[in-house]
Amino acid sequence: MKFKLAIVTALLSASTATWAQTKWDLPVAYPATNFHTENITQFAKDVDAATGGKLKITVHANASLFKAPEIKRAVQSGQAQAGEILLANFANENPIYALDGVPFLATSYPQARNLYDASKPAMEKLLAAQGIKLLFSVPWAPQGIYSKREINSVGDLRGIKWRAYSPATAKIAELIGAQPVQIQQAELSAAMATGVVESYMSSGSTGFDTKTYEHIKNFYDTQAWIPKNAVLVNLKAFTALDAPTQAALLKMAADAETRGWKVAQEKNVEYKRLLTERGMKIHAPSAKLNADMRQVGAIMQADWLKAAGPEGVAIVDAYKAKK
């Protein structure tokens, strides 16, 4: 009898192990209605379906679990199994993270894709050394300038209160003589309402999500760069999954990346239309403003190449060979 009971117990234990459910947290810094978050939420649903419920991912929107600057560290330390970051936010760790935030290096989606492909091997190597795996990456819209003032040149931005959300945007503030204020997206609406921020560079998506049109009425479509968000996973959490679950996760990640790039381009047009309908003036930059900003870009490209060294030069050379 004891022998039979032992067999039954062993079978039940094996069955439980086979059907054990793994639960992951995935913090993001953006609202649930943002297209990046919507794409990640769909990714989580697809993973659930593809793994037969074995891997369930809970998406925590709008910096509700960790603030934007904390998410990468949370994934590295295993506090969260996965998370989404804006790569350029981590330029101080390594120049590779800042590449897609270098102004006027890649200003169209095909160029941004080529830049991503050229830099991806180095990015994956860098992340792996930090105990992280890249699942997928999705771009924002090309970056323009939101400003309370009408601007015809960089000189018109001197002294303005400028939102700096990354090392690159802080450097731009320095080069144009603006006053940098460190504000993450979740805090941006309040900062504009109280006059803490008068100008910033970002996409149409951010302008719409934060209701920038209620406080700032000018958007200069400089198309200066196309930054990317990356969805990362803790490497130990990934390797703990069985092979079929890993394969399903990577397949859904590839699908999310393809879908995200397509939606980003569609949303770029849609957001500018929505901003216009809500009173935002969409300006083409003057020749002088364009020339001034490209001069800023040239300085930052030279700084990036110097900081990144031979590896960075090789990446940019590979990218330019595809342009």
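See the structure printed just above.
Residues numbered from 1 in each chain as written. Predicted model: local features only at pLDDT ≥ 70, side-chain atom pairs only at ≥ 80, totals over all residues. Heavy atoms only, no water.

(A) Quick look at the nonpolar core. Core analysis: the largest hydrophobic core is formed by 90 residues, its most contacted members being Trp-24, Phe-43, Ile-57, Phe-136, Trp-162 and Leu-249. Ignoring sequence-local partners within four residues, the contact set of Phe-43 consists of Leu-26, Ile-57, Leu-135, Phe-136, Leu-249, Met-252, Ala-253, Ala-256 and Arg-259. Met-192, Val-197, Tyr-200 and Ile-216 belong to the second-largest nonpolar core, a separate cluster that totals twelve residues. (Core = buried A, V, L, I, M, F, W, Y, C linked by side-chain atoms within 4.5 Å. Buried < 20%, exposed > 50% of the residue type's maximum accessible area, 1.4 Å probe, protein only. Contact = heavy atoms within 4.5 Å.)

(B) Summary view of the pattern of salt bridges. Scanning all chains against the criterion turns up 17 salt bridges. The shortest N-O distance in the salt bridge between Lys-54 and Asp-242 comes to 2.5 Å. One end of the pair, Lys-54, is in the loop between helix 2 (35-50) and strand 2 (55-60); the other, Asp-242, is in the loop between helix 8 (235-239) and helix 9 (243-277), and 188 residues separate them in sequence. Counted as one network, the salt bridges with shared partners bring together Arg-113, Asp-117 and Glu-257. (Salt bridge = Lys/Arg side-chain N within 4 Å of Asp/Glu carboxyl O. Helix = DSSP H or I, 4+ residues; strand = E, 2+ residues; numbered from the N terminus.)

(C) The packing of helix 2 against helix 9, seen in detail. Running from amino to carboxyl end, helix 2 crosses helix 9 at an angle of 155°, the nearest separation of the two axes being 9 Å. Taken together, the axes of helix 2 and helix 9 lie roughly antiparallel to each other. Like other packed secondary-structure pairs, helix 2 and helix 9 cross with a definite hand, here right-handed. Contacts from Phe-35, Asn-39, Gln-42, Phe-43, Asp-46, Val-47 and Ala-50 of helix 2 reach helix 9 at Ala-248, Leu-249, Met-252, Ala-253, Ala-256, Arg-259, Gly-260, Val-263, Ala-264, Lys-267 and Tyr-271. (Axes fitted to C-alpha atoms, helices over the stretch in contact; angles between N-to-C directions. Parallel < 35°, antiparallel > 145°, perpendicular 65-115°, else oblique. Left-handed = near helix turned anticlockwise from the far one by under 90°.)

(D) Spotlight on unusual backbone geometry. Positive phi is not limited to glycine here, since Asn-62 has a value of about 60°. Tracing the sequence through the fold places Asn-62 in the loop between strand 2 and helix 3 (71-77). For Asn-62, a relative accessible area of 40% puts it in the partly exposed group. The phi torsion at Gln-223 lies on the positive side, around 50°, for a residue other than glycine. Assignment of secondary structure puts Gln-223 in the loop between strand 9 (218-220) and strand 10 (228-234).

(E) Just the sheet that holds strand 9, in detail. Pairing in this open sheet of six strands is mixed, and the strands run 7-6-8-5-9-11 from one edge to the other. The sheet is open, and its two borders are formed by strand 7 (179-181) and strand 11 (281-283), each paired with just one other strand. Between one strand and the next, the sheet's axes are offset by a mean angle of 25°, whatever the strand orientation. Looking at chain direction, strand 5 (residues 144-147) and strand 8 (residues 199-202) are connected through four bridges and run antiparallel. Within strand 8, the residue paired with Tyr-146 across the bridge is Tyr-200. Contacts from helix 5 (residues 167-176) reach strand 6 (161-163), strand 7 and strand 8, with the element oriented near 155° to strand 6. (Pairing = 2+ DSSP bridges.)

(F) Seen up close, the environment of Pro-31. Looking at the secondary structure, you find Pro-31 in the loop between strand 1 (22-27) and helix 2. The buried category is assigned to Pro-31, whose relative accessible area is 18%. Along the chain, Pro-31 and His-60 lie 29 residues apart, while their C-alpha atoms are 9.3 Å from each other. With near-sequence residues (within four places) excluded, Pro-31 lies in contact with Thr-37, Ala-61, Asn-62, Gln-185 and Asp-209.

(G) Representation of the sheet that holds strand 10. What the three strands build is an open sheet, ordered 3-10-4; its pairing is antiparallel. Edge positions in the open sheet fall to strand 3 (82-86) and strand 4 (132-139), since each of these has one partner strand only. The sheet shows a mean angle of 25° between the axes of neighbouring strands, direction not considered. The sheet contact formed by strand 4 and strand 10 spans seven bridges and is antiparallel. Pairing of Phe-136 across the sheet is with Val-231, part of strand 10.

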